[in-house]
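An overview of the molecular structure
This is what each chain is made of:
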Amino acid sequence: MTEKQYRKKWLRWHGQYEKLAYKELIKGFRDLGNSIPFTFMTEDNYEIFLNNNLKQEQFLNIYYNIYKEVGTIHGLRTGKQINQQLKEFTVNAFLSQFDRNLIGWLLENATDRITIVKETYLEYLKQIITQGIADGKSMSQIATELTKRINQRNFYRWQALRIARTETTAAANYAAMQSADVSGVVMEKVWISATDSRTRRPPKSEFNHLQMNGVRIPKKEYFKVPFNGGFEKVMFPGDPKASAGNVINCRCSSAVVPKRDKDGNIIRI
């Protein structure tokens, strides 16, 4: 498959992944809001009250569901592409490794990002309450309005859309690396940029994803994304450990390809 063909498929797939993640996020944020007993909060305790009723584990669970669903689909798609050349990718091996590693990988790599999502969600609820108090509404009125807003169709929509785009990029690219791990051969990864007007590049962005297009490196090495005359290291597009400016709304992909020796033969592990 050529780079152009892969890019076309990836952008179509990514759109599908975004829809899946957005649906999961909207449901998750609504369920979180509905789990809070707003009728028990007061003007004096609402900040502590919200903090005590929203736990990090709840947001981790939302992330897990997104990565599990998107990662499984994309990992199997990557495996199918690998098998067009090798016929050695096995579905069971991928699913076993992906299931075994996912939660630990999220805890090691995405905790900071999950914390930011939690804090942003909390701040949004607090702002609604603060505004209600400033408008002279009773806490009972504010609680009723909060519940109505949480159950509206567009509740937290703008944040869910942003998170969906960012996390599906990370989830899919992480799963592609897991697929490569069970291929039985030495693999390389290739950065595939969207190459349109929205692709990161100066002067609009400090990071240059357009320049990264086509860069090929060993699977276990870091990509070096140009940044202000230097670079930032990432394992793949959307890497949760990277700077926000490097990954938020990123639509780039990393394709995995077998490494070949000087005679053109695939190198086995």
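Report follows, based on the coordinates. Note that the structure is a prediction, hence the values are computed from the model and not measured.

Below, the discussion takes up the overall build of the protein chain. Along its length, the protein chain carries eight helices and five strands. Overall, the protein chain shows an N-to-C arrangement of helices and strands of α-α-α-α-α-α-α-β-β-β-β-α-β. With the C-alpha coordinates aligned to their principal axes, the bounding extent of the protein chain is approximately 75 × 45 × 30 Å. Per-residue burial for the protein chain yields a buried fraction of 48% across its 269 residues. Here the analysis covers contacts within the protein chain between residues at least 6 apart in sequence; of these, 75% occur between residues at least 24 apart. Total accessible area on the protein chain is roughly 13700 Å²; 50% of this is exposed by carbon and sulfur atoms. Once the 41 positive and 27 negative side-chain charges of the protein chain are each reduced to a mean point, those two points are 9 Å apart.

It is at 10 Å that the axes of helix 5 (residues 111–134) and helix 6 (residues 139–150) come closest, and there the two elements cross at 140°. The pairing of helix 5 with helix 6 is recorded here as oblique in orientation. Here helix 5 runs over helix 6; the crossing is right-handed. On the side of helix 5, the interface is formed by Y124, L125, I128, I129, G132 and I133, while helix 6 contributes M139, I142, L146 and R149. Among the residues forming the contact of helix 5 with helix 6, the class breakdown is eight nonpolar, one polar and one charged.

It is worth spelling out the pattern of salt bridges at this point. One pass over the structure, following the stated rule, counts nine salt bridges. Where R216 meets E188, a salt bridge forms, and the shortest distance between an N and an O atom there is 3.3 Å. Of this pair, R216 sits in strand 2 (residues 216–218) while E188 sits in strand 1 (residues 187–192); the two residues are 28 residues apart in sequence, bridging distant segments of the chain. For R216, a relative accessible area of 48% puts it in the partly exposed group. Overall, the relative accessible area of 13% leaves E188 in the buried class.

Another point: the environment of R77. Summarising the element assignment, R77 is placed in helix 3 (residues 56–83). Its relative accessible area of 24% is what places R77 among the partly exposed residues. Between the C-alpha atom of R77 and that of A180, which follows or precedes it by 103 residues, the distance is 12 Å. Among residues more than four places away in sequence, those in contact with R77 are W13, Q16 and Y17.

This part takes up helix 5. Spanning 24 residues, helix 5 covers 34 Å between terminal C-alpha atoms, matching the ideal 34 Å at 1.5 Å per step. Three or more residues of helix 5 are buried, namely R113, I114, V117, K118, Y121, L122, Y124, L125, K126, I128, I129 and G132. Its buried side turned inward, helix 5 meets helix 1 (3–34), helix 2 (46–53), helix 3, helix 6, helix 7 (157–181) and helix 8 (244–247). Within two residues after helix 5, G136 carries a phi angle of roughly 80°, on the positive side.

Rules and cut-offs
Residues numbered from 1 in each chain as written. Predicted model: local features only at pLDDT ≥ 70, side-chain atom pairs only at ≥ 80, totals over all residues. Heavy atoms only, no water. Helix = DSSP H or I, 4+ residues; strand = E, 2+ residues; numbered from the N terminus. Buried < 20%, exposed > 50% of the residue type's maximum accessible area, 1.4 Å probe, protein only. Contact = heavy atoms within 4.5 Å. Areas by Shrake-Rupley, 256 points an atom, 1.4 Å probe, with all protein chains shown as cover. Lys, Arg positive; Asp, Glu negative; His and termini not counted. Charge placed at Lys NZ, Arg CZ, Asp CG, Glu CD. Axes fitted to C-alpha atoms, helices over the stretch in contact; angles between N-to-C directions. Parallel < 35°, antiparallel > 145°, perpendicular 65-115°, else oblique. Left-handed = near helix turned anticlockwise from the far one by under 90°. Nonpolar A, V, L, I, M, F, W, Y, C, P; charged D, E, K, R; others polar. Salt bridge = Lys/Arg side-chain N within 4 Å of Asp/Glu carboxyl O. Expected span 1.5 Å × (residues − 1).

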